[in-house]
Amino acid sequence: LPPTISAPAGAEGQLADLPPGFDRDRMMEVLKIKEQANEKFRAGDYFSAKCLYSGSLEMLERCCLHLDRADGVWEGIKNNMALCDLKRQEWGRAVETTSEILQRNAKNTKALYRRGVARIGQNKLKDAREDLESVVELEPENADARHKLAEILKQLRANRTAEKEQADKLRGFLRGERIDDTVPITEDGSVRKLHGNENSPLFASWIKRAWLEEKSGVVGVLTCHVVMKTPAGKELLNTRKPPGALSTELGATAMQGPRAAERPAEPARWVMDDAWGAVFKGWNSAGKTLQLYELGKFEVARHQMGPSVEPSVRRCLRTWLGDREAQRRIYGDLDEAARSAALRRQAVQILGFPEEFCLEEETDSGSTLTMEMELLESSEFVDVDGDGKYLLQTIKEGKAGGAMVREMSTIHAHFRIAKLLMNYALKDTRLGLANGANGLVLRADRSKEPVEFVLGEELCASEGDFVPPCVGQCLKLYPGPVTEGTHFEMILRDGVPIREMEKDIHSAFSDGRYAGLPDTSGPVCIRIEVEKVTPACEGPADRQWKGLETLVAERRRAEALEALEEGRHREAALRRWRRILRWFDEIFASRRWKTQGAKTGDSMYDLQWDDDSAPAQLAAPFQFTAEAAEAEWLEQRTATVEKMPQGMEVEDALLQQLSPDELREFAAAHAACAELLGSGASGASQHGRCAVQACKLTTVPVAVEVRGRSALAWRLAEEGKSEEALAILKEAQALDPQNTALRDQAAKLNQQDSQSKSVTTLEALKSLKHDLNDSLEAKDLLGLKALLEELDALPLTWEAAAETKIGKEVGLCAKLSDAAVAELAQSIIARLHKLAKQERPLWVR
C-alpha cells in the first residue's frame with residue numbers, strides 16, 4: 001500500500017482476493033472512510049456519520065463497482081445510512097435508502113427490518129407489518145423483528161376496534177341518536193374534552209418532560225382563562241370578568257350606596273402537577289391537553305374540583321388556624337359546626353380557592369360541570385433552593401455593568417403581589433384609578449412612576465411609600481446579581497405575612513388588635529421590575545465616600561429611624577449606627593501609620609521603601625465582568641450575619657487622629673449602640689466606654705455625652721458595678737442637672753446598689769456567724785479577733801444583722817477575758833445599737 005494509506009482493521013481479509021494496484025488502493029480508502037463514519041456513529045454524531053458514509057459511497061460508486069466485493073460493501077454502507085436516518089427520526093429518507101437496497105437484494109433482512117421500523121414512524125402500520133413478516137420468514141430467530149411485529153398487530157387490532165365504534169356512532173347518528181363526542185383525558189374519565197380528536201395525545205407538544213418529573217429543579221406554570229358553568233348554563237366562575245362581577249349581576253338591583261373600584265380581570269395561574277396541591281385536578285388535567293391560544297371545552301366531574309384540593313385546605317387549617325386562645329375568643333359565641341364552617345371559609349380564602357367549589361361537600365358523585373379553558377401562556381420556573389418553596393422565572397436580564405442591588409441600596413421599582421391560583425392582586429404599583437362606565441375602575445397605568453424604597457428598611461417607610469418587605473426578600477433570594485433593568489417573577493409557596501401588605505395592618509398586628517387572625521397571605525406570585533438602583537456607600541474605600549458628609553448623612557438617617565413610630569424601628573437604626581462604626585474601623589486602619597513614632601516620615605508613603613530596580617506593578621482598572629458580579633452577589637447572599645465593628649478598644653493617640661467633627665460622630669455612634677443594644681448584650685458597656693473616651697478628647701454636644709454616660713451606667717449596673725455606674729451617672733447629672741430621666745435613673749441605681757450590698761452583707765454575716773461559733777467552741781482567741789475585724793469592716797445594715805442574729809455571738813465575744821477581743825466586740829455592739837435606732841422600723845421599736 002502507498003505510505004499515505006493505512007489499512008483499517010479487518011480490511012485485509014475483505015481485499016485478500018484483489019490484485020495490488022489502483023483498484024485495491026481505492027477500495028482501501030472507501031473502507032477507511034467507512035470506519036471513520038462508524039466511529040462517529042458510536043459517538044452519537046449521526047449527522048457527521050451519515051456525511052462520511054455518503055462520501056465513502058460516492059467513491060465506491062465512482063471507482064470500485066466493477067470489483068467482486070463491491071456489492072456487499074455497497075449494501076453495508078447503505079444500511080448504515082438508513083440507521084443514521086432512523087436515529088434522527090427521518091422516516092422518509094430511511095424508507096428510500098432501504099428500498100434501494102431491496103431492489104438489488106430482496107432478502108437483505110437488515111434493510112427489511114429498518115424499513116419496517118421507518119414505516120411504523122410514518123404510521124403506515126400495514127406496510128410495516130409486511131416488511132417485518134418477511135424478516136421473520138427469512139430469520140425465524142430474530143427476536144427484535146418478532147417483538148416489533150407483535151406491537152404492530154396489537155395496534156392494528158385497537159385501530160379496527162376504534163373504527164368499528166366510530167362506524168356504530170355514525171349509524172346511530174343516521175338513526176337520530178346523539179353522538180357522545182367527548183374524549184376522556186383522565187384515567188377514570190372524570191375530565192372529558194368536547195369535540196376532541198381521540199387520537200390526539202394527552203399531553204401538548206409544549207410540555208417539557210422535566211416539568212412532569214419530581215426533583216427536576218424546574219416546573220411549568222400555566223396561565224389560562226377559565227369559565228365554569230352548571231349543566232343548565234349558570235356561570236359559577238369567569239376569569240374574563242372582573243372579580244365580583246357575577247355576584248354584582250345577581251344583586252344589581254339591591255345594591256345601594258358607594259361601591260369599591262372595579263378591579264381588572266386576570267387569568268388564573270398555577271403550577272403544573274403541583275406537588276403542594278394548590279390547583280384543582282380538573283384544571284390541571286385540562287390545561288395539559290391544550291395548545292397555545294386554543295379554546296377547549298370540557299366536562300369536569302365536581303369531585304375533580306373542590307375535593308381535589310382538600311389536603312391543602314386541611315394543611316392550612318392545621319398550620320394557620322389551629323386551636324389558639326385568641327381564636328377561641330373570636331369564635332366563642334358560635335357552636336362547633338358554625339365555628340368549623342367559618343374556619344374552613346377562612347382557609348379557602350387564604351389559599352385563594354374559589355369558594356363556589358370548596359365550601360360545600362359534594363354528595364352527588366355523578367354531578368358534572370362544563371368548562372371552557374384558553375391557554376394563554378406556559379412558563380418555566382426554576383426551584384431556587386431545591387425544596388419547592390421558592391420558584392423563579394427571569395423575564396428580562398439586567399444591564400451588564402449596571403448598579404447591583406445590595407443591602408441598604410435605594411431602589412426604584414414596580415412590583416405586583418398576587419394570589420397564586422386566581423391571580424388576585426394584593427398590591428400592584430402600576431394600578432391606578434380611572435373612570436369607567438359603572439364608576440371608578442382600577443386599570444394598569446404604564447406611565448406611573450416606580451416606587452422608591454431602601455432595601456432592608458421597607459417597613460420604615462411612611463404610609464404612602466410603604467413597600468412590603470417580601471419585595472426585598474425576593475431581591476435577596478434571586479440566585480444571581482440583580483441590576484437595573486432586571487425583571488423577574490418569584491412564587492412563594494408559604495406566602496408572606498399579611499401584616500406586611502399595608503402599613504395600617506402592620507400597626508394593628510404590632511398593637512395586638514389582630515392577634516387572633518392568621519398572619520399569612522397564602523401562596524403568592526411576586527413580579528418585580530427594577531428600574532433604577534442607587535447603591536449605598538460601603539465605606540471609605542467606596543467611590544461615593546465623601547468623608548464627614550457621608551458620616552453625617554448616615555447619622556441623620558439613624559436618628560430618623562430611632563424617632564420613627566415611637567421607636568419601633570430601633571433595630572434598623574442600630575444597623576445604621578454599626579455601619580458608621582465599621583467605617584471608623586477602616587478610617588483607623590488608614591491613619592494608624594501616624595501613631596507609629598518618629599521612625600516614619602511625614603507621610604504614610606514613607607512607611608515602605610520603593611525599590612527603583614523592581615518593575616512597577618500598576619493596578620489594572622476595574623472592569624465589570626460576569627465573574628466579578630457573581631462573586632459580589634455571592635458575598636451578599638452568604639453574608640447572613642451582620643458584620644460587627646471591631647474598634648472597641650481604641651487608644652487615645654489613634655482617636656486624636658480624627659478631627660473634632662469626626663470624634664463627635666464617633667461618640668454619637670457608640671452612645672447610640674450602648675443604649676439600643678438589648679439588656680445583657682455583648683459589648684454594650686464597651687460601646688459606652690468608647691463614647692465617654694471620645695467625649696474627654698473634644699467638645700461634643702451635651703445630649704450625646706449624657707446619652708453615652710447614661711447608657712454606660714445602665715450597662716455597668718447590669719454587670720454588678722454599681723459604684724462605678726453611679727460615679728459615671730453623677731458626671732452626667734453635672735452636665736444636665738435638670739434632666740429628670742437622669743434623676744430617676746440615679747434613684748433606681750441607688751436602690752439597686754443598696755439591695756446588692758444588703759444581699760452581699762447578708763451572705764457574709766451568715767458565714768461569719770458560723771465561723772464565730774466554731775472559734776468560740778475551740779476557744780481560738782486569735783481566730784475570734786480576725787473574724788471580728790472582718791465583721792467590723794463590712795457595710796452593716798439593720799436588716800442583715802436582724803435576719804442573721806449575729807449579735808448573740810458578738811455578745812459572747814464581749815464577755816471573754818481577752819481584752820483585745822472584748823473591746824472589738826463591744827465596739828461592734830455599739831455600732832449595731834446605733835443601726836437599730838437609725839434603720840429599725842417604728843413598729844419593731
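Residues numbered from 1 in each chain as written. Predicted model: local features only at pLDDT ≥ 70, side-chain atom pairs only at ≥ 80, totals over all residues. Heavy atoms only, no water.

A. Representation of the overall build of the protein chain. Broken down by element type, the protein chain carries 29 helices and 15 strands. Here the protein chain holds 845 residues, and 43% of them are scored as buried. Relative to all contacts within the protein chain whose residues are 6 or more apart in sequence, the contacts with residues 24 or more apart total 69%. Put simply, the protein chain shows about 46,400 Å² of open surface, and 50% of that area lies on carbon and sulfur atoms. (Helix = DSSP H or I, 4+ residues; strand = E, 2+ residues; numbered from the N terminus. Buried < 20%, exposed > 50% of the residue type's maximum accessible area, 1.4 Å probe, protein only. Contact = heavy atoms within 4.5 Å. Areas by Shrake-Rupley, 256 points an atom, 1.4 Å probe, with all protein chains shown as cover.)

B. Up close: the environment of Val-451. Mapping Val-451 onto the fold places it in strand β13 (residues 451-454). Along the primary structure Val-451 and Arg-430 are separated by 21 residues, whereas in three dimensions their C-alpha atoms are 9.7 Å apart. Non-local contacts of Val-451, meaning those with residues more than four positions away in its chain, are made with Ile-411, His-412, Ala-413, Phe-415, Thr-429, Asp-465 and Val-467.

C. Local environment of helix α3 (residues 46-63). Its 18 residues give α3 an end-to-end C-alpha distance of 26 Å, which sits within 8% of 26 Å, the value for a rise of 1.5 Å per residue. Those residues of α3 that fall on the buried side of the exposure criterion are Ala-49, Lys-50, Tyr-53, Ser-56, Leu-57, Met-59 and Leu-60. (Expected span 1.5 Å × (residues − 1).)

D. Just the pattern of salt bridges, in detail. The tally for this structure, following the rule as stated, stands at 47 salt bridges. Here Arg-707 and Glu-562 are joined by a salt bridge, their closest N and O atoms 2.5 Å apart. Of the two residues, Arg-707 is situated in helix α23 (residues 702-718) and Glu-562 in helix α17 (residues 548-563); the sequence distance between them amounts to 145 residues. Residues Arg-709 and Glu-731 are paired through a salt bridge, measuring 2.6 Å at the closest nitrogen-oxygen approach. Residue Arg-709 is found in helix α23, and its partner Glu-731 is found in helix α24 (residues 722-735); the two are separated by 22 residues along the sequence. Owing to a relative accessible area of 39%, Glu-731 belongs among the partly exposed residues under this scheme. Beyond isolated ion pairs, a larger network of salt bridges with shared partners links Glu-457, Glu-554, Arg-557, Arg-576 and Arg-579. (Salt bridge = Lys/Arg side-chain N within 4 Å of Asp/Glu carboxyl O.)

E. A look at the packing of α17 against helix α18 (residues 570-591). Here α17 crosses α18 at 160 degrees, and the two axes come no closer than 8 Å. Relative to α18, the element α17 lies roughly antiparallel. In terms of crossing hand, the pair formed by α17 and α18 is left-handed. In this structure, α17 uses Thr-550, Leu-551, Glu-554, Arg-555, Arg-557, Ala-558, Glu-559, Leu-561 and Glu-562 to contact α18, whose residues at the interface are Ala-572, Ala-573, Arg-576, Trp-577, Arg-579, Ile-580, Trp-583 and Phe-584. Among the residues forming the contact of α17 with α18, the class breakdown is nine nonpolar, one polar and seven charged. (Axes fitted to C-alpha atoms, helices over the stretch in contact; angles between N-to-C directions. Parallel < 35°, antiparallel > 145°, perpendicular 65-115°, else oblique. Left-handed = near helix turned anticlockwise from the far one by under 90°. Nonpolar A, V, L, I, M, F, W, Y, C, P; charged D, E, K, R; others polar.)

F. Inspection of unusual backbone geometry at higher detail. The phi angle at Asn-123 is positive, at roughly 65 degrees, despite the residue not being glycine. In this structure, Asn-123 sits in the loop between α6 (109-121) and α7 (125-138).

G. Just the packing of aromatic side chains, in detail. Within this structure, the stated rule accounts for 11 aromatic pairs. On the basis of an interplanar angle of 80 degrees and a centroid distance of 5.1 Å, the ring pair of Phe-280 and Trp-283 is categorised as edge-to-face. Residue Phe-280 shares its accessibility class with Trp-283, and that shared class is buried. The rings of Trp-270, Phe-280, Trp-283, Phe-353 and Phe-357 are connected pair by pair, giving a single aromatic cluster. Over the ring of Trp-74 we find Arg-104, and its NZ or CZ is 3.8 Å from the ring centre. (Phe/Tyr/Trp six-rings, centres within 6.5 Å; stacked < 30°, edge-to-face > 60°. Lys NZ or Arg CZ within 6 Å of the ring centre and 35° of its normal.)

H. Examining a positive patch on the surface more closely. Where like charges cluster on the molecular surface, the positive patch consists of Lys-126, Lys-154, Arg-157 and Arg-160. Top contributing element to the positive patch by residue count: helix α8 (residues 143-174), with three residues. Along the chain, the position of Lys-126 falls in helix α7. (Patch = residues over 30% accessible without salt bridge, like charges linked within 9 Å, V, L, I, M, F, W, Y side chains within 5 Å. Lys, Arg positive; Asp, Glu negative; His and termini not counted. Charge placed at Lys NZ, Arg CZ, Asp CG, Glu CD.)

I. Seen up close, helix α15 (residues 469-477). The buried fraction of α15 amounts to seven of the nine residues, a majority that puts the element mostly inside the structure. Those residues of α15 that fall on the buried side of the exposure criterion are Pro-469, Cys-470, Val-471, Gly-472, Cys-474, Leu-475 and Leu-477.

J. Just the environment of Leu-716, in detail. Topologically, Leu-716 is positioned in helix α23. With a relative accessible area of 0%, Leu-716 lands in the buried category. C-alpha separation for the pair Leu-716 and Gln-686, spaced 30 residues apart in sequence, amounts to 9.7 Å.

K. Expanded view of the side chain of His-569. Of note, His-569 is situated in the loop between α17 and α18. When its relative accessible area of 7% is taken as the criterion, His-569 is described as buried.

L. Structural detail: the nonpolar core. Grouped together as the largest cluster of nonpolar side chains are 43 residues, with contacts concentrated most on Trp-283 and Met-373. Counting residues in hydrophobic clusters, the runner-up holds 33 residues, among them Ala-573, Ala-667, Ala-668 and Val-704. (Core = buried A, V, L, I, M, F, W, Y, C linked by side-chain atoms within 4.5 Å.)

M. Focus on the packing of α6 against α7. In contact at an axis separation of 8 Å, α6 and α7 are set at 155 degrees when each is read in the N-to-C sense. The angle between α6 and α7 places the two elements in the roughly antiparallel class. As for the relative orientation of α6 and α7, their crossing is left-handed in sense. Here α6 contributes Thr-109, Leu-112, Tyr-113, Arg-115, Gly-116, Arg-119 and Ile-120 to the contact with α7, which in turn contributes Leu-125, Asp-127, Ala-128, Asp-131, Leu-132, Ser-134, Val-135 and Leu-138. Partitioning the contact of α6 with α7 into residue classes produces eight nonpolar, three polar and four charged.

N. Representation of the pairing of strand β14 (residues 487-492). Where burial is concerned, most of β14 is hidden: six out of the six residues are buried. Of the two faces of β14, the one holding His-487, Glu-489 and Ile-491 and the one holding Phe-488, Met-490 and Leu-492 are both buried throughout. Note that strand β8 (residues 390-396) and β14 share six bridges and pair antiparallel. Residue pairing across strands places Lys-396 opposite His-487, the latter belonging to β14. (Pairing = 2+ DSSP bridges.)

O. Seen up close, a nonpolar patch on the surface. Taken together, the side chains of Ile-330, Tyr-514 and Leu-517 make up a nonpolar region of the molecular surface, amounting to roughly 250 Å² of accessible area. As for its placement among the helices and strands, Tyr-514 is situated in the loop between α16 (503-510) and β15 (524-534). In this structure Tyr-514 comes out as partly exposed when scored by relative accessible area, which is 33%.

P. View of the pairing of β15. Of the strand pairs in this sheet, strand β9 (residues 410-419) and β15 are connected by 10 bridges, and their pairing is antiparallel. When the bridges of β15 are listed, Arg-416 appears paired with Arg-527. Alignment of β14 against β15, held across six bridges, turns out to be antiparallel. Among the inter-strand pairings, His-487 is bridged to a residue of β15, identified as Glu-529.

Q. Representation of the confidence of the model for the protein chain within the structure. Predicted confidence across the protein chain gives a mean pLDDT of 81, with 83% of residues reaching 70 or more. Here helix α19 (residues 626-638) stands out as the element of the protein chain with the lowest mean pLDDT, 47, in contrast to β14, whose mean of 95 is the highest. In the model, residues 1-7 has pLDDT below 50 throughout and makes 14 contacts with residues more than four positions away in sequence or in other chains. Counted against residues more than four places away or in other chains, residues 598-626, with its pLDDT under 50, gives 12 contacts. (pLDDT = per-residue confidence, 0-100.)

R. The arrangement of the environment of Gly-708 in detail. Mapped onto the elements of the fold, Gly-708 is located in helix α23. Once the C-alpha coordinates of Gly-708 and Ala-674 are considered, the two residues, 34 residues apart in sequence, prove to be 7.1 Å apart. Not counting the four nearest positions on each side in its chain, Gly-708 is found in contact with Ala-671, Gly-688 and Ala-691.

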